[in-house]
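# Examination of the molecular architecture
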Amino acid sequence: MPRRLRVVTLGCSKNTVDTEHLLAQLPPDAFCIVDGDEPVDVLLVNTCGFIGDAKEESIAAILEAVEAKKRGEAGTVAVFGCLSQRYRAELPAEIPEVDAWFGARDLGEVLRWLGVCPAPFVTRRIAEAKGYAYLKISEGCDRRCSYCAIPFIRGTHRSVPMEELVAEAELLASRGVRELILIAQDTTWYGLDRYGRRALAELLERLSAVEGIEWLRIHYSYPADFPEDVLTMMARNPKVCKYLDIPLQHISDGVLDRMHRHIDGARTRALIARLREVVPGVVLRTTMIVGHPGETPEAFEELLDFVREARFERLGAFMYSEEEGTWGAAHLPDEVPAELKQERLDRLMELQREISLSCNRSRIGTEVQVLVDEVLDGAAVCRSEFESPEVDGEILVRELSPDVRVGDMIRVRIVDAEDYDLIGRQVLD
Ligand code: SF4
């Protein structure tokens with residue numbers, strides 16, 4: 001009888017891709033993959049170990065898996081991913097009921113433990129047919145931002161060979177995927193380790209030739225030494241979304257220096273101006289950290305002024321949390337009180353809410369091509385090239401023709417705007 005198996009996946013889209021790679025290699029005559037919560041023979045937990053909240057969520061999921069085993073609803077339990085990579089020495093003793101522990105770079109080991117001989121990870125098991133999929137172009141990171149534990153968890157930067165990525169893209173396109181979201185810890189570093197040069201622009205060119213793929217979206221780009229050829233590729237290649245996710249984290253020279261971001265405020269401003277000049281109409285998503293050591297009241301006001309001036313269409317923010325094992329935890333006292341961090345986060349996100357609403361209002365009356373993510377009761381949840389799934393607002397389309405399906409691309413007129421979402425109406429030819 002095939003063994004019944006389920007994976008609980010936590011954390012970021014990179015973990016989602018890892019799980020999809022792993023499941024795609026399980027022979028159907030030996031494994032039956034279960035997505036619901038019925039009893040299984042094997043229960044796997046793919047964990048996240050990035051920051052405090054994520055770690056707690058992973059621990060809770062592991063303990064729930066162990067409880068399921070005690071209730072006889074799971075035969076064996078194994079844990080992999082970032083949390084078990086980061087706390088590999090401590091966790092087995094703390095939760096001895098877990099049958100096997102693997103790291104964040106051990107998909108092959110997990111497969112061997114399941115009795116499967118691993119093959120190159122170019123196939124994917126995508127649980128739910130959607131018009132978009134993530135494409136993980138590399139693993140690890142060679143940057144050393146002082147607050148970040150990821151390089152110690154995911155290791156040094158390793159680019160996936162371009163041929164394997166093109167093969168994976170062709171497979172995904174053959175399954176109806178129209179949009180690929182390029183992810184990594186640092187997408188702009190792609191190629192340096194494997195080809196001795198930055199090759200993201202070349203990869204975009206190759207992927208844009210894959211039949212069926214309409215949109216290529218870049219996430220997790222890094223601001224320092226941003227490759228100019230990626231800008232021109234965004235400007236001239238219609239399949240590369242006029243959208244860029246570029247976490248900046250801060251703008252104050254003093255804070256950026258303590259973060260070891262290898263860029264200062266002036267060069268950050270110059271890059272944003274260059275992006276908007278070379279790619280007119282580009283939508284920028286960024287992330288900021290508030291309450292980082294060295295963030296004086298003046299430095300925070302400078303951040304607010306910068307956000308007011310740059311008008312990012314999309315912005316997320318975190319409160320600084322000290323992560324053990326990082327340079328920051330060892331050398332920078334976590335001096336900003338928690339309530340002040342929260343107050344700064346609230347002020348920043350309130351400012352961003354106003355900017356987002358004003359940007360959304362400026363799109364009323366425009367027409368745009370959208371990808372249909374969900375259809376429900378004659379309406380659809382959609383996104384244009386300016387909205388990324390799961391992190392940005394959406395376009396709710398009413399008055400929809402009945403033949404529209406998930407994964408379709410349709411034309412929409414924007415008729416109303418909210419803080420983060422838009423309201424649209426289908427434009428029929
Ligand atoms: S670029 Fe910096 S923040 Fe991002 S994963 Fe690498 S070290 Fe961490």
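Residues numbered from 1 in each chain as written. Predicted model: local features only at pLDDT ≥ 70, side-chain atom pairs only at ≥ 80, totals over all residues. Heavy atoms only, no water.

## Digging into the sheet that holds strand β3 (residues 40-47)
Going by this rule: For two strands to pair, DSSP has to find at least two bridges joining them. Helix numbers and strand numbers start at the N terminus; a helix is a DSSP run of H or I with at least 4 residues, a strand a run of E with at least 2. What makes two residues a contact is simply this: any of their non-hydrogen atoms within 4.5 Å. Between N-to-C directions, angles cover 0 to 180 degrees, with each direction set by a line fitted to C-alpha atoms, over the stretch in contact for helices.
Pairing is parallel across the open sheet formed by five strands, whose spatial order is β2-β1-β3-β4-β5. Looking at strand neighbours, the two that pair on one side only are β2 (31-33) and β5 (100-101), the edges of this open sheet. Bridge count for strand β4 (residues 74-81) against β5 is two bridges, and the pairing is parallel. Each bridged residue has a counterpart across the sheet, and for A78 the counterpart in β5 is A100. With respect to the sheet, helix α1 (residues 13-24) is in contact with β1 (3-9), β2, β3 and β4, its orientation differing from that of β1 by roughly 170°. Packed onto the sheet, helix α2 (residues 52-70) meets β1, β3, β4 and β5 and runs at close to 170° relative to β3.

## Description of the site of the ligand
Heads up, the condition is: We define proximity as follows: a residue is near a molecule or strand when any one of its heavy atoms falls within 4 Å of that partner. Asp, Glu, Lys and Arg are counted as charged, while Ala, Val, Leu, Ile, Met, Phe, Trp, Tyr, Cys and Pro are counted as nonpolar; the rest, among them Gly, fall into the polar class.
Looking at the ligand, the residues that line it are C141, R143, C145, Y147, C148, I150, P151, Q185, Y222 and R261. Broken down by class, the residue content of the shell around the ligand amounts to seven nonpolar, one polar and two charged.

## Section: the packing of aromatic side chains
For clarity, the threshold we go by: When two rings of Phe, Tyr or Trp (its six-membered ring) have centres within 6.5 Å they constitute a pair, described as stacked for plane angles under 30 degrees, edge-to-face for angles over 60, and tilted for the intermediate range. Three labels apply to residues, based on accessible area from a 1.4 Å probe with only protein chains included: buried if under 20% of the type maximum, exposed if over 50%, partly exposed otherwise in between. Placement of a charge over a ring requires the Lys NZ or Arg CZ to be within 6 Å of the ring centre, with the centre-to-atom vector within 35 degrees of the ring normal.
Under the definition given, this model contains four aromatic pairs. With a centroid separation of 6.0 Å and 65° between ring planes, the pair formed by F102 and W113 is classed as edge-to-face. Pair noted here: F102 is in the loop between β5 and α5 (107-113) and W113 is in helix α5, with a separation of 11 residues, a long-range link. With relative accessibility at 9%, the residue F102 sits in the buried group. Relative to Y134, the ring of Y132 lies with its centre 6.1 Å away and its plane at 85°, an arrangement referred to as edge-to-face. In this arrangement the basic side chain of K14 is found over the ring face of Y220, its NZ or CZ atom lying 3.3 Å from the centre. The ring of Y132 has R383 lying over it, and the distance from NZ or CZ to the ring centre is 5.0 Å.

## Describing the domain arrangement of the protein chain
Cut-off, in case you're wondering: Segmentation into domains, and thus their bounds, comes from an automatic or database assignment. A carboxyl oxygen of Asp or Glu within 4 Å of a side-chain nitrogen of Lys or Arg is what we treat as a salt bridge. Here a polar contact is recorded for every N or O atom pair within 3.5 Å, except that within protein the pair must consist of a potential hydrogen donor and a potential acceptor, and residues adjacent in sequence are included only if both atoms are side-chain atoms.
For the protein chain, the domain assignment lists domain 1 (3-113), domain 2 (132-361) and domain 3 (367-426). Taken together, the contact pairs 23 residues of domain 2 with 23 residues of domain 3. The tally of links between domain 2 and domain 3 comes to five salt bridges. Between R314 and E387 there is a salt bridge whose closest N-O contact spans 3.2 Å. If you look at where domain 2 meets domain 3, you find 21 residue pairs in polar contact (both at pLDDT 80 or more). Residues belonging to the side of domain 2 that touches domain 3 are distributed by class as follows: 10 nonpolar, four polar and nine charged.

## A word on the pairing of strand β10 (residues 215-218)
Taking every second residue as pointing to the same face, both faces of β10 are buried, with W215 and R217 on one and L216 and I218 on the other. When strand β9 (residues 179-183) meets β10, the two strands line up parallel, connected through four bridges. Residue pairing across strands places L180 opposite L216, the latter belonging to β10. With two bridges joining them, β10 and strand β11 (residues 240-245) adopt parallel strand pairing. Each residue of the ladder has a partner; that of I218, found in β11, is L244.

## Comments concerning the pattern of salt bridges
It is possible for side chains bearing opposite charge to pair when their charged atoms get close. Considering all chains together, one arrives at 41 salt bridges under this definition. E67 serves as the salt-bridge partner of K70, at 3.2 Å between the closest nitrogen and oxygen. Taken together, the residues span about one helical turn, with K70 and E67 both in helix α2 at a distance of three residues. Judged by its relative accessible area of 56%, K70 is exposed. Among the ionic pairs, E109 bridges to R112, the shortest N-O distance being 2.8 Å. Residue E109 and its partner R112 are located together in helix α5, separated by three residues, close to a single helical turn. Classification of E109 by relative accessible area gives partly exposed; the value is 38%.

## Notes on unusual backbone geometry
For Q249, which is not a glycine, the phi torsion comes out positive at approximately 70°. Of note, Q249 is situated in the loop between β11 and α11 (253-258). The exposure class of Q249 is buried, given its relative accessible area of 10%. A positive phi angle is found at H262, which is not glycine, with a value near 55°. By secondary structure assignment, the location of H262 is in the loop between α11 and α12 (265-278).

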